[in-house]
Amino acid sequence: MSDEIKSKWDTSHLASADIADLILEDYETANREYNLSWKRINGEDWVRILTKYPQLADECDWSEVTNLDWVELLRERPEFVELCTDEYWKSQMWKLLDECDWSRLLEAQPQLAKYRPQTQQA
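Residues numbered from 1 in each chain as written. Predicted model: local features only at pLDDT ≥ 70, side-chain atom pairs only at ≥ 80, totals over all residues. Heavy atoms only, no water.

What follows deals with the side chain of R116. When you line up the elements, R116 lands in the segment after α7 (99-108). Polar contacts involving the side chain of R116 include one to the side chain of E99, which spans 2.6 Å. (Helix = DSSP H or I, 4+ residues; strand = E, 2+ residues; numbered from the N terminus. Polar contact = N/O pair within 3.5 Å; in protein donor to acceptor, adjacent residues only side chain to side chain.)

Take a look at the structure:
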């Protein structure tokens, strides 16, 4: 194990929000000085991180991202809709968004209306 890895601070004991705060304060420093516990970050904190650092999407545990988290992420970063094109999203997730979710999403990103299932079209 290299000295660089040994000298990094461990974040496995920190809460999700605390890890997210470290990343959001200064990702480069956090990545250099901490062993970031990516798996400890919840969906809500992933929204905060990915809004500022979309390039960290590969680190995200997408199973932590709820429908509400997706709505919030897509409101800020509609380019993430490209991640929503797999079979699960086509058959399930878009349908699971309720009227309130769609209203919030389309208020910020009206161009995403094309993803709304036909049975939910207003």
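Side chains of E25, D26, E28 and E33 sit close together on the surface and give a patch of like negative charge. Within the secondary structure layout, E28 lies in helix α3 (residues 27-33). (Patch = residues over 30% accessible without salt bridge, like charges linked within 9 Å, V, L, I, M, F, W, Y side chains within 5 Å. Areas by Shrake-Rupley, 256 points an atom, 1.4 Å probe, with all protein chains shown as cover. Salt bridge = Lys/Arg side-chain N within 4 Å of Asp/Glu carboxyl O. Lys, Arg positive; Asp, Glu negative; His and termini not counted. Charge placed at Lys NZ, Arg CZ, Asp CG, Glu CD.)

With that settled, the discussion passes to helix α5 (residues 67-76). Counting buried positions over the 10 residues of α5 gives 7, a clear majority of the element. Residues of α5 that are buried include every one of N67, D69, W70, V71, L73, L74 and R75, and no others. (Buried < 20%, exposed > 50% of the residue type's maximum accessible area, 1.4 Å probe, protein only.)

Here helix α4 (residues 43-52) has its buried residues at G43, D45, W46, V47, I49 and L50. On its buried side, α4 packs onto α2 (16-25) and α5. You can read the cap of α4 off the contacts: a side-chain oxygen lies 3.2 Å from the backbone nitrogen of E44, and it is on N42. (Contact = heavy atoms within 4.5 Å.)

Now for the environment of R40. In this fold, R40 is placed in the loop between β2 (34-35) and α4. Considering only alpha carbons, one finds R40 and A20, 20 residues apart in sequence, at a separation of 9.7 Å. The residues contacting R40, other than those within four sequence positions of it, are T11, S12, H13, L14, A15, S16 and I19. A polar atom in the side chain of R40 sits 3.0 Å from the backbone oxygen of S12.

On to the nonpolar core, then. Judged by nonpolar contacts, the single largest core of 32 residues is most densely connected at I23, W38, I49, L50, L56, L74 and L105. Secondary-structure elements contributing two or more residues to this core are α2, α3, α4, α5, α6 (87-96) and α7. Apart from the residues lying within four places of it in its own chain, the contact partners of L50 are L56, A57, C60, W62, L73, R77 and F80. (Core = buried A, V, L, I, M, F, W, Y, C linked by side-chain atoms within 4.5 Å.)

All right, on to the packing of α2 against α4 then. How two helices pack is summed up by the angle between their axes together with the distance between the axes. Between α2 and α4, the least distance of the axes is 9 Å, while the angle of their chain directions is 10 degrees. For the element pair α2 / α4, the angle class is roughly parallel. Contacts between α2 and α4 involve S16, A17, A20, D21, I23 and L24 from the former and D45, R48, I49 and K52 from the latter. Here the contact of α2 with α4 is composed, by residue class, of 5 nonpolar, 1 polar and 4 charged. (Axes fitted to C-alpha atoms, helices over the stretch in contact; angles between N-to-C directions. Parallel < 35°, antiparallel > 145°, perpendicular 65-115°, else oblique. Nonpolar A, V, L, I, M, F, W, Y, C, P; charged D, E, K, R; others polar.)

From the geometry alone we can't say anything about function, so treat these as descriptive.
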